[in-house]
Amino acid sequence: MLFEACHSLLQGFSVALSLKNLWYCFIGVTVGNIVGVLPGFGPVSAVAILIPLMYGVEPVSAIILLAGIYYGAMYGGSITSILLKIPGESSSVMTAIDGYELALKGRAGPALGISAIASFVAGTLSVIFLTFFAPLLASFALSFGAPEYFSLMVMGFAAVAVLSTGDALKGGISAVLGIILATVGSDVITGIPRFHFGSIYLLDGIDFLVVAIGVFAIAEVLDNVVTKSKFGQRLSYGKWTNLLPSLNDLKVSFWPTIRATFIGFTTGVLPGAGATIASFISYATEKRVSKYPEKFGTGVMEAVAGPEAANNAATGGAMVPLLTLGIPGSNVTAVMLGALMMLGLQPGPLLFKEHPTFVWGFIASMYVGNVMLLILNIPLIGVFVQVLRLSFPIIAILVLEISLVGVYAFNNNIFDLYIMFVFGIIGFLLKKLDFPLAPMILALVLGRIFEEHCRRSLIISDGSFTIFLTRPISLTLLVVAVLVMFYPMILDFIRQHRKGKDK
Amino acid sequence: MEVFLRKLVPVAMVVYLLGTIFLAAGQAADFPKRKITMLCHSSPGSPVDLMARQLAEPASKILGVPVVVETKTGGAGAVAMAYLLGQEADGHTVYAMTRSNADLFASGQIKDFTWKELAYLIRVQTDPFVLAAHPSAPFRTAKEMIDYAKKNPGKVKVGGFGSASAHHIMAIKFAKKAGIEITWVPYPGGAAAVTATLGGHVPVVHTNPATIIKHVQAGNLIPLAISAGNRIAAFPETLTYKELGVALEDYHFRGIATKKGVPDDVIKILHDAFKKAMETPDFKEYTKKNDLLPGYMNHEDFTKLFGETVEENKKIQKELGL
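Numbers given to residues run from 1 along each chain, matching the order in which its sequence is written. The lettering of chains begins at A and the numbering of ligands begins at 1, in the order of writing. Local features in a predicted model are, by the rule used here, given only for residues with pLDDT of at least 70; side-chain atom pairs are given and counted only at 80 or more, and totals for whole chains, interfaces and linings are based on all residues. Processing note: side-chain calculations cover all non-hydrogen atoms of the structure and skip hydrogens and water entirely.

1. Some thoughts on the overall build of chain B
Here is step 1: Strands here mean DSSP runs of E at least two residues long; helices mean DSSP runs of H or I at least four residues long; both are numbered from the N terminus. Counting its secondary structure elements, chain B contains 11 helices and 12 strands.
Here is step 2: Across its three principal directions, the C-alpha atoms of chain B cover 100 × 40 × 30 Å.
Here is step 3: For chain B, the proportion of its 322 residues judged to be buried stands at 57%.
Here is step 4: The contact criterion used throughout is that any non-hydrogen atoms of two residues lie within 4.5 Å. Across chain B, the fraction of contacts at a sequence separation of at least 24, relative to all contacts at a separation of at least 6, is 77%.
Here is step 5: Exposure was quantified through the Shrake-Rupley algorithm and a 1.4 Å probe, taking into account, for residues, occlusion by the shown protein chains and nothing else. For chain B, the accessible surface area stands at approximately 13900 Å², while carbon and sulfur atoms represent 58% of it.
Here is step 6: Two residue types count as positive, namely Lys and Arg, and two as negative, namely Asp and Glu; His and chain ends fall outside the count. A charged residue contributes its charge at one atom only: NZ of Lys, CZ of Arg, CG of Asp or CD of Glu. Looking at charge distribution, chain B has the averaged site of its 37 positive side-chain charges lying 3 Å from that of its 31 negative ones. Only protein chains enter the accessibility calculation, which uses a 1.4 Å probe; a residue whose area is less than 20% of its type maximum is buried, one above 50% is exposed, and one in between is partly exposed.

The following block contains the structure:
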């Protein structure tokens, strides 16, 4: 089987390395990188816009381009997150936390470098997994029903608990605020709108990326206006080598990248879980295993490497259900599926058999694309960090402008801008009162899915809660969640117990 | 000379104004003047988005101006419709809609406008509903499912898109006419529901054929019954509801609407252009490939059908207690 995969992959490379497909791949990753930089205007919209231009293009070339946009965006998403604290994509929200702190310390260059390298390593590893294990993983993707997703979300909430820094009570309040926000909008189970105050614009709920841009980027600008700017202090780079990650940066980022690759790939395989949740779990994991968890949030390299690796690995994972089952695992792959159907190719369980050149050409192109992205991104670091040389008034306008355009482009809706500004002010106030903001955003993402899957599970089980405990995967996830939550306490208990014995 | 010029200015202005009025009157039928925006509330790649894009391409050529698909998500179409109603009633903004819009109006969630404020230009396609089961389900045919459900009321779980949605309401209608009781498991989209049934988590899914064809071919799903009047090419052995003895024939539908108040001659131009676009070989090919049914219906009939669907849905939603 391994041999078979290698053989097919080689054939795939002969497709991917044709001049035409190299060109499509290059366009794809470049466009992806650019749309990744712009918040709101993400890979979904970019892929959708390019669909009409794909008429008459060979399906394999089309998917090479469209997929290039997808994983290219994951590289680009970190740039504004690190430099301006504007999450370029929903999956870059975690990167903004420590990445921006690193930039404030004058380490924007290394942070961008680590983010590109971690993305490359994780992206490439995930394509290797895809190459060799895709058919095996198809059944794994299907093994997750509503109860399993519920338990996965419980694990996500455990991660939220880990993420809260400082005052546990304030972290809890922040998380509850997020859960309350998550209840706004039409309830998927009954279809009844909740807390929308008669506004059709709230029927779909409050989008968390809009909230994230508000509480991160807008609040940061407000904060800088009030407290006299921190900008301007982080401009002394000295030698150009300071722009690149140091050996130590690479060393501390190694294991986080590897762990995040596994987390990202597995989460990516599950339809509906996706890159965003992968980046959360990775951040929480790194904080848990770190020797200095208290430093997370103040600018540590691991907290950039982990989430960035995770979101890239998730794109490789998301291709598993798409190629083996014809099931879209994320919004972007759903659009890609639509594009393929338009080109007369219906991905399904028989795709590997019916169209091997298509599948393998496409997989091979992902190796090529990741190399292109690395080559593209490293030299650009020097260009991007120049942004930080600008004086605060200009930076503030830049941040506002990128946020405004990005959030509007998200749904072509002015209403989202109001939400962004309201949360900018809320975020600013909460920050002044020392509330951690990450728990609120995470709870907002998880809350809705959590509730939906919980209620769906109960419909399936005719109201019995045992459904969460009788299914092996669900039970395992719940046990892990409990361990994640109480790990420090358990550790303390064991230590004390041992001490007691020694006496 | 100066005086003459000063007198000339108002005269010139009057002439200019009169001229524009006459020209404008002469151009009333001169539609379209600029690009036409086709709104779509569903995410790119979804069935209605695909229809919009397939239609926009030939329509651009027929109308001689670009027809551009613009995604405006939110509120299951409420946001797109509100936007449409905020535009001039000149026919330059149209909206790719589906039967789900009738569900939305029936639900009473929209307070600011009613279904009567839109003009339903043309019905483009219909799409039957299909019930399909996971191979591990305790039944292999629709007959067996009905028997099983009669012995175990409420035990048959059926997954599908939304709550009080077209898919939900049709499933309930089927169950009622078949004299059985089912439990509906709502999902945020058709693809998510199909995935759940593929994994065996929900034994039956109620969806549209295109979403399951490949899975049926691979032997991972068994089509049980179809809501169309005749059997469809994709599943030649699958019985229709009528053949099962369930007196029900119904379809999901997709079409194009615009704002009410658009002049009749403009409506005719748009209707004719889309009708012509539907007759192009490319569009026919797409219809065939995705196992859709051609569902042309003119402006008057489509408006009537839409109104009836809204009223019927209201009744069923009341019965369901939604």
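2. Some details on helix 16 (residues 392-411) of chain A
Three or four residues apart is the spacing at which side chains of an α-helix point the same way, because the helix has 3.6 residues per turn.
Residue and element names in this part refer to chain A.
Here is step 1: Between its first and last C-alpha, helix 16 extends 29 Å over 20 residues, near the 28 Å set by a 1.5 Å rise per residue.
Here is step 2: Every buried residue belonging to helix 16 is among F392, I395, A396, V399, S403, G406 and V407, and all of these are buried. Buried residues along helix 16 cover an arc of 115 degrees about the axis, so they all sit on one side. Exposed residues lying more than 90 degrees from the buried face of helix 16 are P393, I397 and V405. Expected helix span is taken as 1.5 Å per residue step, with the number of steps being one fewer than the number of residues. In this description, one arc is meant: the one made by directions from the helix axis to the C-beta atoms.

3. Looking at the packing of helix 9 (residues 208-226) of chain A against helix 16 of chain A
All names here are of chain A.
Here is step 1: Axis angles are defined between N-to-C directions and span 0 to 180 degrees, where every axis is a line fitted to C-alpha atoms and, for a helix, only to the segment in contact. One way to put it is that helix 9 packs onto helix 16 with a least axis distance of 10 Å and a crossing angle of 165 degrees. Classified by the interaxial angle, the pair formed by helix 9 and helix 16 is roughly antiparallel. Helix 9 and helix 16 meet at a crossing whose hand is left-handed. Of the residues in helix 16, those touching helix 9 at L209, V210, I213, A217, I218, V221, N224 and V225 are F392, A396, V399, L400, S403, V407 and F410. When an angle is under 35 degrees it counts as roughly parallel; over 145 it counts as roughly antiparallel; between 65 and 115 it counts as roughly perpendicular; any other value is oblique. Handedness of a helix crossing follows the sense of rotation of the near helix relative to the far helix, less than a right angle counterclockwise being left-handed and clockwise being right-handed.

4. Here's the deal with the domain arrangement of chain B
Residues and elements named next belong to chain B.
Here is step 1: When cut into domains, chain B gives domain 1 (36-127 + 251-320) and domain 2 (130-240).
Here is step 2: Each of domain 1 and domain 2 has a C-alpha centre, and the two are 27 Å apart.
Here is step 3: Joining two parts hides part of their accessible area as seen by a 1.4 Å probe, and the buried area is that hidden amount summed over both. Of all residues in domain 1, Y251, D291 and L320 give up the largest surface area on contact with domain 2, accounting jointly for 33% of the area buried on that side.
Here is step 4: For this analysis, a salt bridge means a side-chain nitrogen from Lys or Arg found within 4 Å of a carboxyl oxygen belonging to Asp or Glu. The interface formed by domain 1 and domain 2 holds two salt bridges in total.
Here is step 5: The salt bridge involving K173 is made with E312; its shortest N-O contact spans 2.7 Å.
Here is step 6: Here a polar contact means two N or O atoms within 3.5 Å. Within protein one must be a hydrogen donor candidate and the other an acceptor candidate, and residues neighboring in sequence count only if both atoms are side-chain atoms. Inspection of the domain 1/domain 2 interface yields five residue pairs in polar contact (both at pLDDT 80 or more). An automatic or database domain assignment supplies the residue ranges for each domain.

5. Notes on the packing of aromatic side chains
For any two aromatic rings, the description comes down to two numbers: the centre-to-centre distance and the angle of the planes.
Here is step 1: Two rings from Phe, Tyr or Trp (for Trp, the six-membered ring) form a pair when their centres sit within 6.5 Å of each other. Planes less than 30 degrees apart are called stacked, planes more than 60 degrees apart edge-to-face, and all others tilted. Applying the stated criterion to the full structure yields 26 aromatic pairs over all chains.
Here is step 2: On the numbers, 6.2 Å between centres and 40 degrees between planes, the contact of B:W115 with B:Y120 is tilted.
Here is step 3: With a relative accessible area of 1%, B:Y120 lands in the buried category.
Here is step 4: Through a chain of ring-to-ring contacts, the aromatic side chains of B:F105, B:F113, B:W115, B:Y120, B:F253, B:F302 and B:F306 assemble into a single cluster.
Here is step 5: A ring has a charge above it when a Lys NZ or an Arg CZ is no more than 6 Å from the ring centre and no more than 35 degrees off the ring normal. Positioned above the aromatic ring of A:F435 is the side chain of A:K170, whose terminal nitrogen or guanidinium carbon lies 5.3 Å from the ring centre.
Here is step 6: Between the NZ or CZ atom of A:R456 and the centre of the ring of B:Y187, over which it lies, the distance is 4.1 Å.

6. Regarding the sheet that holds strand 8 (residues 204-207) of chain B
Here is step 1: With respect to topology, six strands assemble into an open sheet ordered 7-6-8-5-9-10 (chain B), the strand pairing being mixed. Looking at the sheet topology across the chains shown, the edges are occupied by strand 7 (182-187) and strand 10 (239-240) of chain B.
Here is step 2: Strand pairing requires that DSSP identify at least two bridges connecting the strands. Relative to strand 10 of chain B, strand 9 (residues 222-226) of chain B is paired through two bridges, and the arrangement is parallel. Looking at strand 10 of chain B, one finds that B:A225 is bridged to B:L239.
Here is step 3: Of the strands in this sheet, strand 6 (156-161) and strand 7 of chain B are in contact with helix 18 (residues 438-460) of chain A, which crosses strand 7 of chain B at around 160 degrees.

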